[in-house]
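Each chain, letter by letter, is given below.
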There are 2 protein chains.
Amino acid sequence: MDQNKIPQATAKRLPLYYRFLNNLQMQGKTRVSSKELSDAVKVDSATIRRDFSYFGALGKKGYGYNVEYLLGFFRKTLDQDEITDVALIGVGNLGTAFLHYNFMKNNNTKIKIAFDADDNKVGQTIGGVPIYHINELEERLDDVKVAILTIPAMEADRVTERLVAQGIKGILNFTPARITVPDDIRVHHIDLAVELQALVYFLKHYPLEKTELYSE
Amino acid sequence: MDQNKIPQATAKRLPLYYRFLNNLQMQGKTRVSSKELSDAVKVDSATIRRDFSYFGALGKKGYGYNVEYLLGFFRKTLDQDEITDVALIGVGNLGTAFLHYNFMKNNNTKIKIAFDADDNKVGQTIGGVPIYHINELEERLDDVKVAILTIPAMEADRVTERLVAQGIKGILNFTPARITVPDDIRVHHIDLAVELQALVYFLKHYPLEKTELYSE
DNA sequence: AAGGTAGTGTGAGTGTTTTCACAATTTTGC
DNA sequence: GCAAAATTGTGAAAACACTCACACTACCTT
Ligand SMILES: NC(=O)c1ccc[n+]([C@@H]2O[C@H](COP(=O)([O-])OP(=O)(O)OC[C@H]3O[C@@H](n4cnc5c(N)ncnc54)[C@H](O)[C@@H]3O)[C@@H](O)[C@H]2O)c1
Ligand SMILES: NC(=O)c1ccc[n+]([C@@H]2O[C@H](COP(=O)([O-])OP(=O)(O)OC[C@H]3O[C@@H](n4cnc5c(N)ncnc54)[C@H](O)[C@@H]3O)[C@@H](O)[C@H]2O)c1
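Here the structure is a predicted model, which means the values were calculated and not measured.

### Quick notes on the pattern of salt bridges
Residue and element names in this part refer to chain A.
Then comes step 1: Taken as a whole and judged by the stated rule, the model has 22 salt bridges over all chains.
Then comes step 2: When the shortest N-O distance is used, the salt bridge between K35 and D39 registers 3.7 Å. You can see K35 and its partner D39 sitting in helix α2 (residues 34–41), 4 residues apart, about one turn around the helix.
Then comes step 3: In this structure, the salt-bridge partner of K112 is D85, at a minimum N-O distance of 3.9 Å. With K112 in strand β4 (residues 109–116) and D85 in strand β3 (residues 84–89), this residue pair connects regions lying 27 residues apart in the sequence.

### Description of the relation of the copies chain B and chain A
Then comes step 1: With an RMSD of 0.1 Å, chain B superimposes on chain A once it is rotated by 180° and translated 0.0 Å along the axis. A rotation of that kind, with that shift, is consistent with a two-fold axis.

### Regarding the protein's contact with DNA strand D
Then comes step 1: Lining the immediate surroundings of DNA strand D are 28 residues, of which R50(A), S34(B), R50(B), G59(B) and Y65(B) lie closest.
Then comes step 2: Backbone sugar and phosphate groups make up 60% of those atoms of DNA strand D lying within 4 Å of the protein.
Then comes step 3: Here a sugar or linking oxygen of DNA strand D and a backbone polar atom of K61(A) are 3.2 Å apart.
Then comes step 4: Put simply, the parts of the chain that give the surface near DNA strand D at least two residues each are α1 (8–26) and α3 (45–53) of chain A together with α3 (45–53) of chain B.
Then comes step 5: Across the surface near DNA strand D, the residue classes break down as 7 nonpolar, 9 polar and 12 charged.

### Description of the sheet that holds strand β5 (residues 125–126) of chain A
Residues and elements named next belong to chain A.
Then comes step 1: Here we have 7 strands laid out as an open sheet, ordered β5-β6-β4-β3-β7-β8-β9, and mixed in their pairing. Taken across any chain shown, the strands that pair with only one partner, and hence form the sheet edges, are β5 and β9 (186–189).
Then comes step 2: Examined bridge by bridge, β3 and β4 share 6 bridges and lie parallel to one another. Along β4, the bridge assignment pairs T84 with T109.
Then comes step 3: Sheet strands touched by helix α7 (residues 153–165): β3, β7 (146–149) and β8 (170–173). Its angle to β7, the strand with the most contacts, is close to 170°.

### Observations concerning the protein's contact with DNA strand C
Then comes step 1: The environment of DNA strand C is made up of 27 residues, and the closest members are S34(A), R49(A), R50(A), R13(B) and R50(B).
Then comes step 2: Each atom of DNA strand C within 4 Å of the protein belongs either to a base or to sugar and phosphate, the latter forming 58%.
Then comes step 3: R50(A) is positioned such that a nitrogen or oxygen atom in its side chain is 2.4 Å from a base oxygen of DNA strand C.
Then comes step 4: In this structure, K61(B) approaches DNA strand C through a main-chain N or O atom, which is 3.2 Å from a sugar or linking oxygen.
Then comes step 5: At the level of secondary structure, the elements contributing two or more residues to the surface near DNA strand C comprise α3 of chain A together with α1 (8–26) and α3 of chain B.
Then comes step 6: Residues belonging to the surface near DNA strand C are distributed by class as follows: 7 nonpolar, 9 polar and 11 charged.

### Brief notes about the sheet that holds strand β8 (residues 170–173) of chain B
Residues and elements named next belong to chain B.
Then comes step 1: Pairing in this open sheet of 7 strands is mixed, and the strands run β5-β6-β4-β3-β7-β8-β9 from one edge to the other. In this open sheet, the two edge strands, each paired with only one partner strand, are β5 (125–126) and β9 (186–189).
Then comes step 2: In the sheet, strand β7 (residues 146–149) pairs with β8 via 4 bridges, with the strands oriented parallel. Among the inter-strand pairings, L149 is bridged to a residue of β8, identified as N173.
Then comes step 3: In the packing of helix α7 (residues 153–165) onto the sheet, the strands contacted are β3 (84–89), β7 and β8, and the crossing angle to β7 comes to about 170°.

### A few points about the packing of α1(B) against α3(B)
Residue and element names in this part refer to chain B.
Then comes step 1: Look at α1 against α3: their axes get within 11 Å of each other, and the N-to-C directions meet at 100°. Considering their axes alone, α1 and α3 lie roughly perpendicular with respect to each other. The residues of α3 that touch α1, namely those facing T10, R13 and Y17, are T47, I48, D51 and F52.
Then comes step 2: Of the residues that constitute the contact of α1 with α3, the class distribution is 3 nonpolar, 2 polar and 2 charged.

### A word on α1(B)
Then comes step 1: In this model, α1(B) (19 residues) spans 29 Å end to end at C-alpha, consistent with the 27 Å of a helix rising 1.5 Å per residue.
Then comes step 2: Taken as a whole, α1(B) has its buried residues at T10(B), A11(B), R13(B), L14(B), P15(B), L16(B), Y17(B), Y18(B), R19(B), L21(B), N22(B) and L24(B).
Then comes step 3: Structurally, α1(B) contributes buried residues whose contacts are with α8 (192–205) of chain A together with β1 (31–32), α2 (34–41), α3 and α4 (67–77) of chain B.
Then comes step 4: Within two residues after α1(B), G28(B) carries a phi angle of roughly 85°, on the positive side.

### Some remarks on the site of ligand 2
Then comes step 1: As a matter of local geometry, ligand 2 sits amid 23 residues, with N93(B), L94(B), D116(B), K121(B) and I151(B) nearest to it.
Then comes step 2: Site remark: ligand 2 is flanked by residues from chains A and B.
Then comes step 3: Between ligand 2 and K121(B) there is a distance of 3.0 Å, counted from an oxygen atom to a side-chain nitrogen or oxygen.
Then comes step 4: I151(B) is positioned with one of its backbone polar atoms (N or O) 2.6 Å from an oxygen atom of ligand 2.
Then comes step 5: Coverage of ligand 2 by the protein amounts to 85% of the 820 Å² it exposes when considered alone.
Then comes step 6: Those elements that place two or more of their residues in the shell around ligand 2 are α5 (93–101) of chain A together with α5 (93–101) and α7 of chain B.

### Some words on unusual backbone geometry
All names here are of chain A.
Then comes step 1: Phi angles above zero are rare outside glycine, and D142 is one such case at about 55°.
Then comes step 2: Relative to the elements of secondary structure, D142 occurs in the loop between α6 (137–140) and β7.
Then comes step 3: What makes D142 exposed here is its relative accessible area of 53%.

What counts as what
- Residues numbered from 1 in each chain as written.
- Chains lettered and ligands numbered in written order.
- Predicted model: local features only at pLDDT ≥ 70, side-chain atom pairs only at ≥ 80, totals over all residues.
- Heavy atoms only, no water.
- Salt bridge = Lys/Arg side-chain N within 4 Å of Asp/Glu carboxyl O.
- Helix = DSSP H or I, 4+ residues; strand = E, 2+ residues; numbered from the N terminus.
- Least-squares fit on C-alpha atoms with pLDDT ≥ 70 in both.
- Near = heavy atom within 4 Å.
- Polar contact = N/O pair within 3.5 Å; in protein donor to acceptor, adjacent residues only side chain to side chain.
- Nonpolar A, V, L, I, M, F, W, Y, C, P; charged D, E, K, R; others polar.
- Pairing = 2+ DSSP bridges.
- Contact = heavy atoms within 4.5 Å.
- Axes fitted to C-alpha atoms, helices over the stretch in contact; angles between N-to-C directions.
- Parallel < 35°, antiparallel > 145°, perpendicular 65-115°, else oblique.
- Expected span 1.5 Å × (residues − 1).
- Buried < 20%, exposed > 50% of the residue type's maximum accessible area, 1.4 Å probe, protein only.
- Areas by Shrake-Rupley, 256 points an atom, 1.4 Å probe, with all protein chains shown as cover.

Below you can see the structure in the form of structure tokens.
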């Protein structure tokens, strides 16, 4: 839809910039430099300028960026105006935490509906989100296009297939299973155990001196 | 300590390989090819071979890799023999989920101790992990070197400072705050709201046809 | 209204990661 | 015991990402 000239790495940082700009605005700041932004979000200032430059000249030389303007620009770019509905599959430990949180603080996504296989959970409402039985997936999902997967790894492939059949286009997968999907479905894996192990590995094997290695 | 010739990107994939090899072994498989691994973990087979090659020649041409041998090798490389103790700070929605889970299924990390500021939580034990008051951090932390941060963003910087003062070397930060640390402390951010927003952004703005874009 | 200052936008350079593609080698089946 | 099949390990190329460094310009101060 847009020019997909924007590098993947840049796209991943946009939500971060957006959130920080929001904070700035709430604090009443009207201008900001790439240097200040850099200190706050821990991304090199040249990288920030480069990132912004993919969208054109948003700043002013010798001045910096106008917070209001930049924010307005990103709001449009990130489609912050329309809310994207999300379905959550699996109301266990993690799923429940997400329902309570619900990603609504300056965010454009909202968990609208949840599913679980456990009859004790079905019928409840957590954080304002109704929980239905997974058997009702096909009739209840409507046209939700994004799903968060927090079910046991064993179930992941089977449920994924059903989600895809219902027209889901994006999946945020918290299970350790690397799920298989058609090419036009986007899956982001967040594998918390791997993240923790990787952190430990880096601590043990990498020179822990100078040059903080940025977050991801 | 080790030769840090291994690329960052490779290091992040190691735990993933390790876990999958474990599964294979439990299924009784004795050999595996980079192609099979590729299908399972969704990483290009050439990338897998390259990754392995940093550790020397682990496979045999025309045959593949011996699961037992490879697993043994990674066990040593990833220090799976010794368990790394972890502290969890903030026993709220997310923190509680982590305590219940505790990363112990084929993993080398264990949450050993938790802290919270809420007196109602202090004194409890969740998933076998005792919860102490954050005021006791300095006396109770012992020589734990890794912390998981699941407190409100507002508190992040203040608590981080205390953690660093106590000798913490690695932080897995789930708060949206980009915390500031000395250069020799490693921080990995996992920003769930950003992940979700980025997924939505990709769905809307990137050609959703062919070529699945790899996870992480 | 002019000179100093701050700070962008970007060309060019560097570093990192992925992918291609194939010679080398072992296994497998006959 | 030989030919075909399988699959590694890696040089080389391509793709991607980050950073340097500076010309340029808008703002600010006096
Ligand atoms: N909790 C953590 O800290 C943590 C950490 C890392 C990874 N994970 C992964 O996240 C996933 C969820 O973890 P959890 O701790 O929340 O597990 P959990 O067991 O607490 O929750 C799983 C939920 O899914 C439901 N469920 C089971 N089968 C289902 C199905 N077919 N359809 C719909 N719902 C179904 C269960 O009823 C349960 O409520 C797991 O794959 C786990 O490996 C969790
Ligand atoms: N829950 C989610 O799904 C989710 C999603 C994205 C991001 N996050 C982030 O993760 C963090 C935790 O989220 P949550 O939902 O678990 O919040 P929460 O409010 O449920 O839990 C926070 C816990 O930290 C404790 N706490 C507060 N100040 C403390 C201090 N100084 N020291 C020790 N403990 C302290 C509180 O008592 C509470 O138990 C937040 O920063 C949140 O923005 C959460």
